[in-house]
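# Structural description and commentary
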Amino acid sequence: VLRCLGIPTRVITNFNSAHDSNVNLSIDKYIDTSGKTLHLTEDSVWNFHVWNESWFIRRDLGSFYDGWQVLDATPQERSKGIYQCGPASTRAIKEGDVNLDYDSSFVFAAVNADCVTWIRYSNKRKKRIYSDTRKIGKFISTKAVGNNSRVDVTANYKYPEVKQISFKIPYSQYKNSLMDDRKILVTAV
């Protein structure tokens, strides 16, 4: 439909696509002390997920975010009360601007979440035992114009794994995450 209106649009496939149901930017797996999986979260990793990108000027966000925007016609989570996703700027996703409207945090997690395994003890205390920062968002692809070859657009969504990026989050959220990390360190000793 967008192409019929003259808006450039393409289909995107993301392999190892994260479904971060609680929007904490990680895919959490919990196990008990015997190694048995505990089903405490609805987070998951899909073999692949497909969405569309369309080229928009973003007057609402500023010209920095102009360009390709993610639109998902098959959202699995509610956004502002209804099943919708986007338009989320691919530039915002790449830069880690997860607090912008239109589901940038959800799409960021789909392509860049960490997979974290936690041990949960009987007293509800938890300890992070493993984190994989490279599993999610592989071979993000679209079809080439004029032929059937694959075009890798991963660099539009994320920096190479070796580059550090800063996340723009409210100070209170950052402070709370430090408290959680401190609790984990104290319980691990």
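Cut-offs applied
Residues numbered from 1 in each chain as written. Predicted model: local features only at pLDDT ≥ 70, side-chain atom pairs only at ≥ 80, totals over all residues. Heavy atoms only, no water. Salt bridge = Lys/Arg side-chain N within 4 Å of Asp/Glu carboxyl O. Buried < 20%, exposed > 50% of the residue type's maximum accessible area, 1.4 Å probe, protein only. Phe/Tyr/Trp six-rings, centres within 6.5 Å; stacked < 30°, edge-to-face > 60°. Helix = DSSP H or I, 4+ residues; strand = E, 2+ residues; numbered from the N terminus. Lys NZ or Arg CZ within 6 Å of the ring centre and 35° of its normal. Pairing = 2+ DSSP bridges. pLDDT = per-residue confidence, 0-100. Contact = heavy atoms within 4.5 Å.

The name recorded for the chain in an unreviewed UniProt entry is TGM3L glutamyltransferase, from Ceuthmochares aereus.

### Some words on the pattern of salt bridges
A full pass over the atoms with the stated rule returns three salt bridges. Between Arg58 and Asp60 there is a salt bridge, and its shortest N-O distance comes to 2.9 Å. Arg58 gets classed as buried once you look at its relative accessible area, which sits at 4%. Salt-bridge contacts for Asp152 lead to Arg150; the nearest nitrogen and oxygen are separated by 3.7 Å. In this structure Asp152 comes out as partly exposed when scored by relative accessible area, which is 42%.

### Side note on the packing of aromatic side chains
Note on aromatic pairs: each is described by the distance of the centres and the angle between the planes. According to the stated counting rule, one finds five aromatic pairs in the structure shown. Between Phe15 and Phe48, the ring centres sit 6.4 Å apart and the planes meet at 50 degrees, which makes this aromatic pair tilted. Of this pair, Phe15 sits in strand β1 (residues 9–19) while Phe48 is found in strand β4 (residues 44–56), placing the two residues 33 residues apart along the sequence. Here Phe48 falls in the partly exposed class, since its relative accessible area comes to 48%. The interplanar angle of 85 degrees and the centroid separation of 5.3 Å between the aromatic rings of Trp55 and Trp68 together place this pair among those described as edge-to-face. Of this pair, Trp55 sits in strand β4 while Trp68 sits in strand β5 (residues 67–71), placing them 13 residues apart in sequence. Look at Trp68 and you get buried, because its relative accessible area is 18%. The lysine or arginine in question, Arg10, covers the ring of Trp68, its NZ or CZ lying 4.0 Å from the ring centre. Here the basic side chain of Lys126 rests over the ring of Trp118, its NZ or CZ set 4.3 Å away from the ring centre.

### Observations regarding helix α2 (residues 104–112)
Among the nine residues in α2, nine count as buried, and that is most of the element. All of the buried residues in α2 are Ser104, Ser105, Phe106, Val107, Phe108, Ala109, Ala110, Val111 and Asn112.

### Observations regarding the sheet that holds strand β3 (residues 37–38)
Pairing is mixed in the open sheet, where four strands are placed in the order β3-β2-β9-β10. The outermost strands of the open sheet, each flanked by one partner alone, are β3 and β10 (126–132).

### Concerning the confidence of the model for the chain
Averaged over all residues, the pLDDT of the chain equals 86, while 85% of them reach at least 70. Per-residue pLDDT, averaged within each element of the chain, yields its smallest value for helix α4 (residues 171–188) (52) and its largest for strand β12 (residues 150–152) (97). Counting interchain partners and residues more than four positions distant, the pLDDT-below-50 stretch residues 182–189 has seven contacts.

### A few points about the environment of Val70
Structurally, Val70 can be placed in strand β5. When the C-alpha positions of Val70 and Asp103 are compared, they lie 9.1 Å apart, and in sequence the two are 33 residues distant. With residues up to four places along the chain from it excluded, the contact list for Val70 reads Trp51, Asn52, Cys85, Gly86, Pro87, Ala88, Thr90, Ile93, Val107 and Tyr157.

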